[in-house]
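Reading the structure
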Amino acid sequence: METLFALNPVLLGAIPVIVGLVGVVKSWGFPSQYSVLAAMVFGVAASWLIGTPMPAFITQGIILGLSASGLYSGGKKLAGIS
C-alpha cells in the first residue's frame, strides 16, 4: 500500500511537465499571481491520472504543484531573471 509521502517516480517526472503547463496557461492570459494555484491543480490532476489511491492523491498532487513552483522560481534565480 502506498503512503502519503511515497511518490511514484512517474509523478516526479511530471514536475517539469507541470512547469510547462503552467507556462502555457500563463501565456493564455492566466494571472501570474495564481500560478502556484494552477500548479497545484495540475499536480492533483497528474496524481489522480496516475492512479494514486484516494486519500493520497490530493496531498501528493499539492506536493507536486509546490515542487513545480519551486523548480520554476529557483530556475529563474539561477538564470538571473527577476
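Residues numbered from 1 in each chain as written. Predicted model: local features only at pLDDT ≥ 70, side-chain atom pairs only at ≥ 80, totals over all residues. Heavy atoms only, no water.

**Some points on the overall build of the chain**
Stated precisely, the cut-off is as follows: In this description a helix means any DSSP run of H or I spanning at least four residues, a strand means any run of E spanning at least two, and both kinds are numbered starting from the N terminus. As a reference, a globule follows 2.2 Å times the number of residues to the power 0.38, and the radius of gyration itself is taken over C-alpha atoms. Burial classes: relative accessible area under 20% of the type maximum marks a residue as buried, over 50% as exposed, and values in between as partly exposed (1.4 Å probe, protein chains only). Residue contacts follow a heavy-atom distance rule, with two residues in contact if any of their heavy atoms lie within 4.5 Å.
The helix and strand tally for the chain stands at 3 helices and 0 strands. For 82 residues, the compact-globule estimate of 2.2 N^0.38 gives 12 Å, and the chain sits close to it at 13 Å. Reported as C-alpha extents along the three principal axes, the dimensions of the chain are approximately 40 × 25 × 15 Å. By the burial criterion, 26% of the 82 residues in the chain qualify as buried. Within the chain, residue pairs in contact and separated by at least 24 positions form 61% of the contacts whose partners lie at least 6 positions apart.

**Digging into the nonpolar core**
For clarity, the threshold we go by: For the purposes of this section, nonpolar cores are sets of buried Ala, Val, Leu, Ile, Met, Phe, Trp, Tyr and Cys residues that join through side-chain atoms within 4.5 Å.
Leu11, Ile15, Ile18, Val22, Ala38, Ala39, Leu64 and Ala68 together form the largest nonpolar core, which totals 8 residues. Those elements that provide at least two residues to this core are α1 (9-27), α2 (35-50) and α3 (54-79). Per-element accounting of this core gives the leading share, 4 residues, to α1. For Leu11, the residues in contact, after removing those within four places along its chain, are Ala46, Ser47, Ile50, Thr52, Gln60 and Leu64.

**Considerations on the packing of α1 against α3**
Keep this limit in mind: All axes here are fitted lines through C-alpha atoms, helices being fitted over the stretch that makes contact, and every angle between N-to-C directions spans 0 to 180 degrees. An angle below 35 degrees is read as roughly parallel, one above 145 as roughly antiparallel, one from 65 to 115 as roughly perpendicular, and any other as oblique. By the definition used in this description, the sense in which the near helix is turned from the far one sets the handedness, with an anticlockwise turn below a right angle giving left-handed and a clockwise turn giving right-handed. Basically, the charged four are Asp, Glu, Lys and Arg, the nonpolar ten are Ala, Val, Leu, Ile, Met, Phe, Trp, Tyr, Cys and Pro, and anything else, Gly included, counts as polar.
Look at α1 against α3: their axes get within 9 Å of each other, and the N-to-C directions meet at 65 degrees. In terms of orientation, α1 and α3 fall into the roughly perpendicular class. By crossing handedness, the relation of α1 to α3 is classed as right-handed. Together, Leu11, Leu12, Ile15, Ile18, Val19 and Lys26 of α1 and Gln60, Leu64, Ser67, Ala68, Leu71 and Tyr72 of α3 make up the contact between the two elements. Grouping the amino acids of the contact of α1 with α3 by side-chain chemistry returns 9 nonpolar, 2 polar and 1 charged.

**Some thoughts on the confidence of the model for the chain**
Basically, it comes down to this: Summary of the metric used: pLDDT quantifies the predictor's per-residue confidence within the range 0 to 100.
Of the residues in the chain, 90% have a pLDDT of 70 or more, and the chain-wide mean is 83. Summarising per-element confidence for the chain, the mean pLDDT is lowest in α3 (81) and highest in α2 (90).

**Remarks on α2**
Inclusion rule: For a helix, the expected span equals 1.5 Å multiplied by the residue count minus one.
In this model, α2 (16 residues) spans 22 Å end to end at C-alpha, consistent with the 22 Å of a helix rising 1.5 Å per residue. If you check which residues of α2 are buried, you get Ser35, Ala38, Ala39, Gly43, Ala46 and Ser47. Those residues of α2 hidden inside the fold are in contact with α1 and α3. Within two residues after α2, Gly51 carries a phi angle of roughly 100 degrees, on the positive side.

**Topic: α3**
Every α-helix winds through 3.6 residues per turn, so residues three or four apart in the chain are directed the same way. Taking 1.5 Å per residue as the helical rise, α3 with its 26 residues ought to reach 38 Å, and the 38 Å between its terminal C-alpha atoms agrees with that figure. Among all positions of α3, only Ala56, Phe57, Gln60, Gly61, Leu64, Gly65, Ala68 and Ser69 are buried. Tucked inside the fold, the buried residues of α3 contact α1 and α2. Looking at the residues trailing α3, positive phi occurs at Gly80, about 85 degrees.

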